[in-house]
Amino acid sequence: MTKSEVRHPEVHTAAVSFTGPAGQRFLRISQYAQGLVYSATAFLFLAAAVVMLGYSVIAFFETVTATTRQEFPVTMVTLINDLLLVLIIMEVLATVLSYLRDQAFTLLPFLFIAAISATRRILAVGAAMSVERLDAEEFRQAVIDLGVNAGIIVALTLALFLLSRTRVRIGHNSETVETTQPTRGE
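Everything quoted here is computed from the prediction, not taken from an experiment.

Structural notes on the overall build of the protein chain
Okay, so step 1: Scanning the protein chain from N- to C-terminus turns up four helices and four strands.
Okay, so step 2: When the 186 residues of the protein chain are sorted by exposure, 20% land in the buried category.
Okay, so step 3: Of the roughly 12,900 Å² that the protein chain leaves accessible, carbon and sulfur atoms contribute 66%.

Here's the deal with helix α2 (residues 72-102)
Okay, so step 1: Here α2 spans 45 Å end to end across 31 residues, near enough to the 45 Å set by a 1.5 Å rise per residue.
Okay, so step 2: Just downstream of α2 lies glutamine 103, where phi reads positive at about 55°.

Quick notes on the packing of helix α3 (residues 108-131) against helix α4 (residues 136-165)
Okay, so step 1: Interhelical geometry of α3 versus α4 gives an angle of 155° and a closest axis separation of 9 Å. Between α3 and α4, the interaxial angle falls into the category roughly antiparallel. You can see that α3 and α4 cross each other, and the crossing is left-handed.
Okay, so step 2: For the contact of α3 with α4, the class distribution of residues is 20 nonpolar, three polar and two charged.

Topic: the pattern of salt bridges
When the charged atoms of two side chains with opposite charge come close together, those side chains can pair.
Okay, so step 1: Counting across every chain of the model gives three salt bridges.
Okay, so step 2: Here arginine 101 ties to aspartate 102 by a salt bridge, and the two come within 3.2 Å at their closest N and O atoms.
Okay, so step 3: Assessed through its relative accessible area of 30%, aspartate 102 is described here as partly exposed.
Okay, so step 4: When the shortest N-O distance is used, the salt bridge between arginine 140 and glutamate 137 registers 3.2 Å. In this pair, arginine 140 and glutamate 137 both sit in helix α4, three residues apart, roughly one turn of the helix.

Cut-offs used in this document
- Residues numbered from 1 in each chain as written.
- Predicted model: local features only at pLDDT ≥ 70, side-chain atom pairs only at ≥ 80, totals over all residues.
- Heavy atoms only, no water.
- Helix = DSSP H or I, 4+ residues; strand = E, 2+ residues; numbered from the N terminus.
- Buried < 20%, exposed > 50% of the residue type's maximum accessible area, 1.4 Å probe, protein only.
- Areas by Shrake-Rupley, 256 points an atom, 1.4 Å probe, with all protein chains shown as cover.
- Expected span 1.5 Å × (residues − 1).
- Axes fitted to C-alpha atoms, helices over the stretch in contact; angles between N-to-C directions.
- Parallel < 35°, antiparallel > 145°, perpendicular 65-115°, else oblique.
- Left-handed = near helix turned anticlockwise from the far one by under 90°.
- Nonpolar A, V, L, I, M, F, W, Y, C, P; charged D, E, K, R; others polar.
- Salt bridge = Lys/Arg side-chain N within 4 Å of Asp/Glu carboxyl O.

As structure tokens, this is what we get:
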């Protein structure tokens, strides 16, 4: 496994030095506070995902009992859209938890979030096109929207493929960027 580090040039914009005992104490307190904020954020993301999941299921069953056979596909697309939102929230939560564990961000979760978001938009536009009569301009805009989001998904798929060949991690203090080749089985 090869590993390379790229050092970013130091930028001295602050008049405060963190090399002395007071500076080091401030950094430790700041890092502890940052961990608390990230932990609270993770908890709130988990709560939001659970609430959204519950809402989605309840809304689906309420809507199913009140809809006609022709409206059922739209109800299904709405449920899928809501569940994809739950997945987005969970991916953001996983990113926060990964940061808390490793003190580094990876690009992979953000690509998944973007792909899920583009898929949600395609479903929403497709559902709207199937139930509403669109005039020529609205139809043109909807087709452009679908095409752009499909292009985004293709670009993200390519990015995921390239990322699977090289892993990039940005360290805690953003001064180092590590690239590693994944081993077999990863």
